[in-house]
Amino acid sequence: MISNERIQYLHKNGVNQEGKFIVYWMQGAQRVLDNHALEFAILKANELNVPLIVAFVIIPDFPSANARHFLFMLEGLLEVSKALKARGIGFYLQKGQLLEQLLKLEKSTKVLIMDKGYGTYEREIRAEVTAAFGCDAYEIDTNLVVPVETAYQKEAYAAYAIRPSIMRLIDQFNERCEERLPHIAFVSFQDLDMANSLEIDNPVAFMAEHLSHLESLPKITGFYGGTSQAINKLEAFVEDGLALYENKQSDPGSFGTSKLSPYLHFGQIAPVTILSRVENKSKAFVEQLVVRRELAYNYIYFSGDNRLTLKETLPSWAYESLMAHASDTREYLYNLSTLESGKTHDPYWNAAQLEMVLSGHMHNTMRMYWGKKIIEWTNHPEKAYEWMRYLNDKYSLDGRDPNGYAGIAWCFGKHDRPWRERAIFGKIRYMNDKGLIRKYNMTEYLAHVAQLRGADFE
Ligand SMILES: Cc1cc2nc3c(=O)[nH]c(=O)nc-3n(C[C@H](O)[C@H](O)[C@H](O)COP(=O)(O)OP(=O)(O)OC[C@H]3O[C@@H](n4cnc5c(N)ncnc54)[C@H](O)[C@@H]3O)c2cc1C
């Protein structure tokens, strides 16, 4: 079932009568399971009695993406290519400039389908692609439970504003996809007079051959890309973590969260797939997966995402208060290189930074603490904002995501309320290491990071 609210009819030029196939240009939803855009494309292909081709363009200079992100993505795309072939759908993989690669398909495309983009960059490139194709085009909102424009029609001030609407609509939009087969199976690109697709038999070899220019980061072991890996993580979480989530989710030393964020970021798993396994079992998990995540998408969609300055992004009480304290004396001041190498005076902060560098992930509580301390130890909030986004996007597998931009802005007061005024932070919420030690098993957390490092943590 695909609700009408997920479907946006963008380009009403009609079906291209010269076309030979339907194209689904996949970008944000890199999966075959519970992909509403793919299922909609199959329905269109069957209606018009033509084959379906899923096109994917690897953009080597994708903003802020490095070898860590690309490898995870390729691991996922290998699964996508196998699953599509098994369903009689062509997978057309190219590398290069997006529009140039997609336009090779333009003349033969009857109808173009896209998955929805939420950030400014994603929306701009979808507008360019749509304008360049002469045929009908549709955009399908498949990476959220409640479609972004249905959940709330403007930027929500905080979670309390969007929660009632999301919770009222959650059952209506908690729709998994019925898997259909195309009536006309794809045979070969030669049959369609097209150049051959690139093949990913081995993601590491593919990286060496096609993407060797990218910056390499330390190798990570805890995450391997792909829908089947996401399902394994989900099942392990349902088995071992979900029952404890309500009480233990905030404790960095209990490792009780799902670690599904990288898979959600690349669209390798749909939130409706996750919801179908956890529904009604944990209110706290639904709050994070649906309310908090969809608040972040609302923020990015309606406000204009990470290109905004701190002033443009924050409520005025937070910005003014931070600026009033911008020149307060700091006990510690660090430069970017000290922060990046995790060499501050604070063992908890260093552990958080190293967790992100070595594993590609950081626990949510530590992300909050990490961000708050960067504000405290940097000589201006604008600088702290820039460095946090740089470090998070570079090392986190789930970086460059609406959740990341919202989480970082939260550290500066976004989606939060004023607190008691204090030095440096003004009225924005403050965190300290005493709070971590009092509430959580920080010994366990440090031991975990030391293990990642392969040596004792100083
Ligand atoms: C400074 C800072 C930076 C952050 N950067 C990112 C980022 O780059 N990418 C990212 O996906 N998240 C980011 N977050 C939000 C949150 O920390 C992560 O989503 C969460 O830690 C992912 O781990 P998990 O999948 O085990 O979460 P779980 O606790 O298992 O939650 C399940 C899912 O719910 C969503 N979720 C959980 N917590 C939040 C939250 N606070 N806000 C929005 N959605 C949430 C995520 O999609 C997550 O995968 C950031 C938060 C802060 C404070």
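Rules of the game
- Residues numbered from 1 in each chain as written.
- Predicted model: local features only at pLDDT ≥ 70, side-chain atom pairs only at ≥ 80, totals over all residues.
- Heavy atoms only, no water.
- Buried < 20%, exposed > 50% of the residue type's maximum accessible area, 1.4 Å probe, protein only.
- Helix = DSSP H or I, 4+ residues; strand = E, 2+ residues; numbered from the N terminus.
- Pairing = 2+ DSSP bridges.
- Lys, Arg positive; Asp, Glu negative; His and termini not counted.
- Salt bridge = Lys/Arg side-chain N within 4 Å of Asp/Glu carboxyl O.
- Contact = heavy atoms within 4.5 Å.
- 1 Å grid on protein atoms, 1.4 Å probe; cavity = no way out; pocket = protein on both sides within 12 Å on 5 of 7 lines; lining within 4 Å.
- Points joined across faces, edges and corners; volume = space filled by probe spheres on them.
- Polar contact = N/O pair within 3.5 Å; in protein donor to acceptor, adjacent residues only side chain to side chain.

- With an unreviewed UniProt entry as reference, the protein is termed Deoxyribodipyrimidine photo-lyase, source organism Fusibacter bizertensis.

**A few points about the pairing of strand S6 (residues 136-140)**
Two faces, one strand: in a regular strand the side chains alternate between the faces of the sheet.
Then, number 1: Where burial is concerned, most of S6 is hidden: five out of the five residues are buried.
Then, number 2: Every second residue of S6 is oriented toward a common face, with Asp136, Tyr138 and Ile140 on one face and Ala137 and Glu139 on the other, all of them buried.
Then, number 3: Relative to S6, strand S1 (residues 7-11) is paired through four bridges, and the arrangement is antiparallel. Across the sheet, Gln8 pairs through a bridge with Glu139, a residue of S6.

**Concerning the side chain of Glu75**
Then, number 1: Its place among the elements puts Glu75 in helix H2 (residues 67-86).
Then, number 2: Nearest to the buried, unbridged Glu75 among oppositely charged side chains is Lys219, at 7.1 Å.
Then, number 3: Glu75 has contacts with Pro203, Tyr224 and Gly225, leaving out every residue within four places of it along the chain.

**What about the pattern of salt bridges?**
Then, number 1: Evaluated as defined, the whole model comprises 22 salt bridges.
Then, number 2: Arg87 serves as the salt-bridge partner of Glu39, at 2.8 Å between the closest nitrogen and oxygen. Taken as a pair, Glu39 in helix H1 (residues 36-48) and Arg87 in the loop between H2 and strand S4 (90-95) lie far apart in primary sequence, 48 residues in all.
Then, number 3: Look at Glu39 and you get buried, because its relative accessible area is 0%.
Then, number 4: Overall, Arg87 belongs to the buried group, its relative accessible area being 10%.

**Points about the layout of surface pockets**
Then, number 1: When its volume is computed, the second largest pocket comes out at roughly 880 Å³.
Then, number 2: For the second largest pocket, the lining is made up of 40 residues, of which Phe62, Pro63, Glu122, His265 and Arg400 are closest to its centre.
Then, number 3: Broken down by secondary-structure element, the contributors of at least two residues to the lining of the second largest pocket are strand S3 (52-58), H2, helix H4 (120-132), helix H10 (261-265), helix H12 (283-303), helix H18 (381-395) and helix H19 (402-411).
Then, number 4: The dominant element in the lining of the second largest pocket, judged by the number of residues it contributes, is H18, at four residues.

**A few points about H19**
Then, number 1: Most of H19 is tucked away, with eight of its ten residues classed as buried.
Then, number 2: In this structure, the buried side of H19 is in contact with H12, helix H13 (310-313), helix H17 (364-377) and H18.
Then, number 3: The distance from a side-chain oxygen at the start of H19 to the backbone nitrogen of Asn403 is 2.8 Å, and the residue carrying that oxygen is Asp401.
Then, number 4: Gly413 lies just past H19 and shows a positive phi near 110°.

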